[in-house]
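Geometric and topological summary
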Amino acid sequence: MILNKIQFKMKDYGTLSQAINKLKLEEGYEEDFNLLDEEIQIKSKEQTFGTEEFEVDKVLRFEGMSNPDDNAILYAITTSDNHKGLLVDGYGISSGQISKKMMKKLDLKDHRELD
């Protein structure tokens, strides 16, 4: 059964900042993405990509030990023109307002890990 090519936290990436460093340095996810209503944006280039123009390669979830505000999700993303980068977003109470289409693209429930 093939679900999706998304990889969940199968190897230990440590903390959020350690994961960001590893993905950037070891796996080439060099760009930083902003999450907009219906698109993601490369911060430095002001270039945007709709939901059809990128794939989520990995999803890593980080939970704060004592503060729910520390919860975050790290997405490793590749765009249709081969920009590789990272998107960090809060989840639960701290997550932002995005379109339904973007919500579905990034929804963890759609990307379950196989046991």
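For clarity, every value in this text was computed on a predicted model and none was experimentally measured.

Here we look at the overall build of the protein chain
Per the secondary structure count, the protein chain includes two helices and six strands. Sequence-ordered secondary structure for the protein chain, helices as α and strands as β, is α-β-β-β-β-β-β-α. For the protein chain, the residues scored as buried account for 39% of the 115 residues in total. Residue pairs in contact within the protein chain that sit at least 24 positions apart in sequence constitute 54% of those at least 6 positions apart. Just so you have it, the protein chain exposes about 7,500 Å², and 47% of that area is on carbon and sulfur atoms.

Looking at the nonpolar core
Note on soluble globular proteins: their nonpolar side chains tend to be buried together. I40, F54, Y75 and I77 are the most contacted members of the largest nonpolar core, which totals 14 residues. Among the elements of the structure, β2 (39-42), β4 (54-62), β5 (72-79) and α2 (100-106) are those that each provide at least two residues to this core. Non-local contacts of Y75, meaning those with residues more than four positions away in its chain, are made with V56, K58, V59, G85, L86, L87, D89 and L106. Among the nonpolar cores identified, the runner-up in size contains nine residues, and L23, Y29, A76 and L86 belong to it.

Remarks on a negative patch on the surface
Residues D37, E38, E39, E53 and D81 make up a contiguous surface patch of negative charge. Mapping D37 onto the fold places it in the loop between β1 (31-35) and β2.

Considering the confidence of the model for the protein chain
Any residue range with low pLDDT should be treated as having predicted coordinates unsuitable for detailed reading. Taken over all residues, the pLDDT of the protein chain has a mean of 79, while the share at 70 or more is 72%. Put simply, α2 is where the protein chain has its lowest mean pLDDT, 84, and strand β3 (residues 47-50) is where it has its highest, 96. Counted against residues more than four places away or in other chains, residues 1-10, with its pLDDT under 50, gives 25 contacts. For the stretch residues 111-115, pLDDT sits under 50, and the model shows 11 contacts to residues farther than four places along the chain or on other chains.

What counts, and at which threshold
- Residues numbered from 1 in each chain as written.
- Predicted model: local features only at pLDDT ≥ 70, side-chain atom pairs only at ≥ 80, totals over all residues.
- Heavy atoms only, no water.
- Helix = DSSP H or I, 4+ residues; strand = E, 2+ residues; numbered from the N terminus.
- Buried < 20%, exposed > 50% of the residue type's maximum accessible area, 1.4 Å probe, protein only.
- Contact = heavy atoms within 4.5 Å.
- Areas by Shrake-Rupley, 256 points an atom, 1.4 Å probe, with all protein chains shown as cover.
- Core = buried A, V, L, I, M, F, W, Y, C linked by side-chain atoms within 4.5 Å.
- Patch = residues over 30% accessible without salt bridge, like charges linked within 9 Å, V, L, I, M, F, W, Y side chains within 5 Å.
- Salt bridge = Lys/Arg side-chain N within 4 Å of Asp/Glu carboxyl O.
- Lys, Arg positive; Asp, Glu negative; His and termini not counted.
- Charge placed at Lys NZ, Arg CZ, Asp CG, Glu CD.
- pLDDT = per-residue confidence, 0-100.

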